[in-house]
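# Coordinates in review
Residue strings, one per chain:
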Amino acid sequence: MLGIEKPQSLTLNRRAVLGGAAIGTTAMGLTLIQSSGPAAAETVAADPLGTPTAKVDLTALPRVKQVMVAPPMVPAHDQVAVGGPKIVEVEMTIKEKKIDVDDEGGTIWVFAYDGFVPGPMIVAHQGDYVELTLKSDPGNVLEHNIDFHAATGALGGGELTLIQPGEKVVIRFRLLKAGVFAYHCAPGGEMIPYHVCHGMNGAIMVLPRQGLKDGAGKALVYDKVFYIGEQDYYLPRDAEGNFLSYEGAMDDYGDSLDAMRKLIPTHVVFNGAKGSLTGDKALTAKVGERVLFVHSQANRDTRPHLIGGHGDYVWETGGFNDAPATDLETWFIRGGSAGAMLYEFRQPGLYAYVNHNLIEAILLGAVAHVQVEGTWDNLVMEQITPPTVM
């Protein structure tokens, strides 16, 4: 598949390490074909991949270079696939760097795809190929790789992408399933949760070739995408309860594992740090805009909720070929997965998008703000009398 030979012994060793760890124009992909009888048409399902894998000629596929952008934004893309399958070329560089996670002295060395927590979103269509060039900055200390939950085989690509500082690797995989999926580093053993809990995860969105649909097969379109990566951190503390700070990327290893084993995060944040999507960094929208929220959590369960709004259409498990749930107040994203929600804003003002474990939202940081412009509609909500003395 990749044009890269992998020694069998190395494949077996990688499996042993991980296994031994302690831990469009037609609707709904249908094409109408004229029947030979007098009655009219017969409906048959088109291949959701565009072209069956066995018939793909990789040398003939067009190539498209996708430039990664900083979350919460996503790359420019077509919602309905134009033409047949493509090879989507992506490049990411892993960077180890120290960041502030709050304004209370909390810092952590993150291992970040392209320097972002979460890693940048890749967007393509079912049946496309992703060709990833993964690089590790020469200044890094650790070995890294990438496991795509959207990929098939080789531990999601993890077996084929393990690289040292200063190295690069190229892999190609076909997107056989439509939906939103997590990706993360998985170098083996204790290093898997250690890397994931140091911000080394992200998401990929694989759209159906005919675009999103509601339960009746009607097209759903969005005006923009907000990409939320929820991250749990486990910062070690000293005897007085103060956060410890470390000089190098690996210096916290023992202390971090001790903190992680308690399963009590010190921070649960959106997009890398407390306040990263609030205040002057709030997301923005307008009344009438339809926004697709993509929410990824590589490690823990979470319960997104839009205060002041609803989930008009929700793909809770991430699968876009499933009919979306409708009109939800709160939805559930399983740890190690991503989900999506589409909402049309109907009133202006401030909305809070939260993990509705409100302890984690308010005390630990899992909250984002959306500032919406527009004209207030009293037929939707109206204050009849202001607060007065009784």
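Residues numbered from 1 in each chain as written. Predicted model: local features only at pLDDT ≥ 70, side-chain atom pairs only at ≥ 80, totals over all residues. Heavy atoms only, no water.

## Remarks on the packing of aromatic side chains
- Summed over all chains, the structure comprises 12 aromatic pairs.
- When the ring of Phe226 is compared with that of Phe293, the centres are 5.5 Å apart and the planes differ by 75°; the resulting orientation is edge-to-face. In this pair, Phe226 is assigned in strand E14 (residues 224-233) and Phe293 in strand E17 (residues 290-297), connecting sequence segments 67 residues apart.
- On the basis of relative accessible area, Phe293 is assigned to the buried category, the value being 1%.
- Summarising the aromatic geometry, the rings of Tyr343 and Phe345 are spaced 5.0 Å apart at their centres and angled 85° between planes, so their arrangement reads as edge-to-face. Here the two residues Tyr343 and Phe345 agree in accessibility, since each one is buried.
- Taken together through their ring pairs, the aromatic side chains of Phe226, Phe270, Phe293, Tyr343, Phe345, Tyr351 and Tyr353 make up a single cluster. (Phe/Tyr/Trp six-rings, centres within 6.5 Å; stacked < 30°, edge-to-face > 60°. Helix = DSSP H or I, 4+ residues; strand = E, 2+ residues; numbered from the N terminus. Buried < 20%, exposed > 50% of the residue type's maximum accessible area, 1.4 Å probe, protein only.)

## Digging into empty space enclosed by the protein
- There is about 60 Å³ of room inside the largest cavity.
- Lining the largest cavity, in full, are Lys98, Thr107, Ile108, Trp109, Leu235, Pro236, Leu244, Ser245, Tyr246 and Asp252.
- Looking at the lining of the largest cavity, the element that brings in the most residues is strand E5 (residues 107-113), giving 3 residues.
- Counted by class, the lining of the largest cavity contains 6 nonpolar, 2 polar and 2 charged residues. (1 Å grid on protein atoms, 1.4 Å probe; cavity = no way out; pocket = protein on both sides within 12 Å on 5 of 7 lines; lining within 4 Å. Points joined across faces, edges and corners; volume = space filled by probe spheres on them. Nonpolar A, V, L, I, M, F, W, Y, C, P; charged D, E, K, R; others polar.)

## So, the sheet that holds strand E21 (residues 337-344)
- With mixed pairing, 6 strands are arranged side by side in an open sheet as E15-E14-E17-E21-E19-E20. Since the sheet does not close on itself, it has two edges, and those belong to strand E15 (267-270) and strand E20 (325-328), each with one partner. Within the sheet, the average angular offset between the axes of one strand and its neighbour, ignoring direction, is 25°.
- Bridge analysis of E14 against E17 gives 6 bridges, and the strand direction is parallel. (Pairing = 2+ DSSP bridges. Axes fitted to C-alpha atoms, helices over the stretch in contact; angles between N-to-C directions.)

## Concerning the nonpolar core
- Ranked by internal contacts, the top residues of the largest apolar core, which has 37 residues, are Met92, Tyr113, Leu132 and Leu134.
- It is strand E4 (residues 87-100) that provides the largest number of residues to this core, a total of 4 residues.
- Not counting residues up to four positions away in its chain, the partners in contact with Met92 are Met68, Tyr113, Asp114, Pro120, Ile122, Leu132, Thr133, Leu134, Lys135, Ile146 and Tyr183.
- Residues Phe270, Ala285, Val314 and Phe345 belong to the second largest nonpolar core, which totals 23 residues. (Core = buried A, V, L, I, M, F, W, Y, C linked by side-chain atoms within 4.5 Å. Contact = heavy atoms within 4.5 Å.)

## Let's talk about the sheet that holds strand E23 (residues 367-373)
- As summarised here, the arrangement of the 4 strands in space is E16-E23-E22-E18, forming an open sheet in which the pairing is mixed. Strands at the two margins of the open sheet, each flanked by one partner only, are strand E16 (283-286) and strand E18 (304-307). The sheet shows a mean angle of 25° between the axes of neighbouring strands, taken without regard to direction.
- In this structure, E16 lies alongside E23, joined through 4 bridges in parallel fashion. Along E23, the bridge assignment pairs Leu283 with Val370.

## Here we look at the environment of Ala273
- Turning to its location among the elements, Ala273 is positioned in the loop between E15 and E16.
- Assessed through its relative accessible area of 15%, Ala273 is described here as buried.
- Residues Ala273 and Asp232, 41 residues apart in the sequence, show an inter-C-alpha distance of 9.8 Å.
- Setting aside chain neighbours within four positions, we find Ala273 in contact with Asp100 and Val101.

## Concerning the pattern of salt bridges
- Inspection of every chain in the model, using the stated rule, returns 13 salt bridges.
- Between Glu89 and Arg63 there is a salt bridge, and its shortest N-O distance comes to 2.8 Å. A residue pair is termed long-range when its members are at least 10 positions apart, and Glu89 in strand E4 and Arg63 in strand E3 (residues 63-65) qualify at 26 residues.
- Overall, the relative accessible area of 43% leaves Arg63 in the partly exposed class.
- Via salt bridges that share partners, Arg63, Lys65, Glu89, Glu131 and Arg172 belong to a single interconnected network. (Salt bridge = Lys/Arg side-chain N within 4 Å of Asp/Glu carboxyl O.)

## Points about helix H3 (residues 253-261)
- Looking at H3, one finds that the buried residues are Ser256, Leu257, Ala259 and Met260. When H3 is viewed along its axis, its buried side chains cluster within an angular range of 165° and face the same direction.
- As for H3, its buried residues are in contact with helix H2 (191-196).
- With its phi angle positive at about 60°, Leu263 sits one or two positions after the end of H3. (Arc of directions from axis to C-beta.)

## A few points about the pairing of E23
- In this sheet, E23 lies alongside strand E22 (residues 349-355) in antiparallel orientation, the contact comprising 6 bridges. Residue pairing across strands places Ala352 opposite His369, the latter belonging to E23.

## So, the side chain of Thr302
- Positionally, Thr302 belongs in the loop between E17 and E18.
- With near-sequence residues (within four places) excluded, Thr302 lies in contact with Glu230, His295, Gln297, Trp331, Phe332, Ile333 and Asn355.

## A few points about a nonpolar patch on the surface
- Among the surface-exposed residues, Leu358, Ile359, Ile362 and Leu363 lie close enough to one another that they form a single nonpolar patch of about 420 Å² accessible area.
- If you trace the backbone, Leu363 turns up in helix H4 (residues 358-363). (Patch = residues over 30% accessible without salt bridge, like charges linked within 9 Å, V, L, I, M, F, W, Y side chains within 5 Å. Areas by Shrake-Rupley, 256 points an atom, 1.4 Å probe, with all protein chains shown as cover.)

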